[in-house]
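Structural description and commentary
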Amino acid sequence: MKSKLSLLLILSITFIVFTVVGTISHEYGHIVVAKYLGYETELYYGSMSYNHSQEEIKFEEIYKKNKSSIQNKEDFPEKATYQRLVKKLYYDNLFITIGGPVQTILTGTIGFILLLFRRKKILENGMKILDWLYVFLSLFWLREVCNLTMSVSSALLNGKKNYFGGDERIIATVLEIPQGGIAIPLAIIGLLIALFVIFRIIPKEQRLVFISSGFLGGIAGFILWMRILGPIVMP
């Protein structure tokens with residue numbers, strides 16, 4: 001009983017830590033792409049911002065100088081440059097938005113693959129410290145499940161017609177596909193991976209403790225970081 005309580009405490013704290021790590025690393029996925037494309041970036045506790053690339057500055061200059069012509073769809077001397085910049089900024093926004101989910105999904109996939117390689121050893125000898133690390137990395141995929149669940153729940157509770165949110169909705173909108181066209185498949189994959197990890201990787205005697213710690217640590221981590229500590233540490 002004591003060992004199970006100790007494991008519950010350790011795993012709950014780990015879930016809290018990884019909630020913060022997952023949030024920040026996701027934003028760094030956006031930042032890496034934005035930096036590569038020449039933008040200045042700022043990191044906050046649950047988001048990031050980017051601006052002031054040379055193309056963006058040039059775009060704003062042309063727009064201000066030719067605002068009337070642009071709004072009235074008239075020709076102006078720098079129209080070709082303006083159209084090129086519109087296209088460039090359009091794709092920059094798309095790639096930067098994709099960067100966050102790609103980082104999260106890539107991390108989760110690496111953790112899951114490492115677990116598959118370790119599965120036989122885990123079944124024979126139980127979970128080692130590195131195995132628990134791989135478990136938490138693989139569960140980065142749960143971000144897709146949580147995002148979809150929270151956005152749909154929020155829409156239903158508030159009477160909104162838009163059931164999807166986050167990066168996945170933005171990407172789908174830019175690509176002109178149904179707004180759930182990315183969020184739903186990714187959430188399904190994330191759920192399947194999580195279920196496999198819980199019921200095929202985690203030893204049966206530790207399974208209930210792990211699930212309980214996930215609820216406790218996940219909720220506590222979200223509240224502590226997104227509502228209390230995050231706004232103070234990284235406003």
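Let us look at the pairing of strand E1 (residues 40–43). With 4 bridges connecting them, E1 and strand E2 (residues 48–51) associate as antiparallel partners. Residue Thr-41 lies in a different strand from E2, and its bridge partner there is Tyr-50. If you look at the hairpin formed by E1 and E2, you'll find 4 residues sitting between the two strands.

A word on the packing of aromatic side chains. By the definition in use, this model includes 13 aromatic pairs. Ring plane angle 80° and centroid distance 5.6 Å describe the contact between Phe-112 and Phe-196, whose orientation is recorded as edge-to-face. Of this pair, Phe-112 sits in helix H4 (residues 79–125) while Phe-196 sits in helix H8 (residues 180–201), placing them 84 residues apart in sequence. You can call Phe-196 partly exposed: its relative accessible area is 25%. Linked through ring pairs, Phe-15, Phe-18, Trp-132, Phe-136, Phe-140 and Phe-210 together constitute an aromatic cluster.

Within the secondary structure, Arg-207 is located in helix H9 (residues 204–233). Beyond its immediate sequence surroundings of up to four residues, Arg-207 is in contact with Ile-198, Phe-199 and Ile-202.

Let us now look at the side chain of Asp-92. Of note, Asp-92 is situated in helix H4. The class of Asp-92 is buried, set by a relative accessible area of 2%. In contact with Asp-92, not counting residues within four places along its chain, are Leu-37 and Tyr-39.

Cut-off values and rules
Residues numbered from 1 in each chain as written. Predicted model: local features only at pLDDT ≥ 70, side-chain atom pairs only at ≥ 80, totals over all residues. Heavy atoms only, no water. Pairing = 2+ DSSP bridges. Helix = DSSP H or I, 4+ residues; strand = E, 2+ residues; numbered from the N terminus. Phe/Tyr/Trp six-rings, centres within 6.5 Å; stacked < 30°, edge-to-face > 60°. Buried < 20%, exposed > 50% of the residue type's maximum accessible area, 1.4 Å probe, protein only. Contact = heavy atoms within 4.5 Å.

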